[in-house]
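Notes for the structure review
Chain by chain, the residues run as shown.
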Amino acid sequence: HLNEGIRVPSLRAIRNMISKSTQATRWLLQQRVLSTLIRVVAHEASPLIRADVWWTVSMLMTQHANSRNKSDDDMVQSFLDEPHAMRLLLRCLSNDTFEVKQESFAVLVHLLENATELQLEELLNRYNVVLRIFEFMQCIECNEE
């Protein structure tokens, strides 16, 4: 179990690779970095690290979407196929610190923006994301008051 002292620089290093190189992003995805990041969120006690991980996932998705080849894996599908990823995302979105909610919301928005029609149906029907979006918007209002 990595402690916070190791995790923060590791996440920073991953984000650094993602921001600088499309090749690095592809390589990280081949190394199943998404699975690793999801596992970190699942076992992480620190909300700072959870927020950091979702931020990293969001960056990974954005970079992948911007540099996508036809042959590339479908990032939305990879996320949906990842065991517990969606449940974890929704749990963080509805039941965590405001920072974690914000970062997990960014991931949800990315999923919705890049989903195919079928994936969108899964997100709407199976995971009831519309309700989560309204909950998050109310949470922002509460936070501003």
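Residues numbered from 1 in each chain as written. Predicted model: local features only at pLDDT ≥ 70, side-chain atom pairs only at ≥ 80, totals over all residues. Heavy atoms only, no water.

**Concerning the nonpolar core**
Our working rule: Put simply, buried Ala, Val, Leu, Ile, Met, Phe, Trp, Tyr and Cys residues joined by side-chain atoms within 4.5 Å make one nonpolar core. With a 1.4 Å probe rolled over the protein chains alone, any residue whose accessible area is under 20% of its type maximum counts as buried; one over 50% counts as exposed, and the rest are partly exposed. Only runs of H or I of at least four residues qualify as helices and only runs of E of at least two qualify as strands under DSSP, and these elements are numbered from the N terminus.
Ranked by size, the top nonpolar core spans 38 residues in total, and within it Trp 54, Val 57, Phe 79, Met 86 and Leu 111 carry the most contacts. Put simply, the parts of the chain that give this core at least two residues each are α1 (4-20), α3 (33-43), α4 (47-66), α5 (75-81), α6 (85-94), α7 (98-114) and α9 (129-144).

**Description of unusual backbone geometry**
Backbone geometry at His 84 places phi at a positive 70°, although glycine is not the residue there. When you line up the elements, His 84 lands in the loop between α5 and α6. Positive phi is not limited to glycine here, since Asn 128 has a value of about 50°. Mapped onto the secondary structure, Asn 128 falls in the loop between α8 (117-126) and α9. Exposure remark for Asn 128: the relative accessible area of 38% places this residue in the partly exposed category.

**Comments concerning the pattern of salt bridges**
Put simply, the rule reads: By salt bridge we mean one thing: a side-chain nitrogen of Lys or Arg within 4 Å of a carboxyl oxygen of Asp or Glu.
Counted according to the given criterion, the structure contains five salt bridges. Residue Asp 96 pairs with Arg 50 through a salt bridge whose shortest N-O separation is 2.8 Å. On the criterion of sequence distance, the pair formed by Asp 96 in the loop between α6 and α7 and Arg 50 in helix α4 is long-range, its members being 46 residues apart. Accessibility expressed as a relative area gives 13% for Arg 50, which makes it buried. Across the pair Arg 126 and Glu 122 runs a salt bridge whose closest N-O atoms are separated by 3.0 Å. You can see Arg 126 and its partner Glu 122 sitting in helix α8, four residues apart, about one turn around the helix. When its relative accessible area of 58% is taken as the criterion, Arg 126 is described as exposed. Judged by relative accessible area, which is 23%, Glu 122 ranks as partly exposed.

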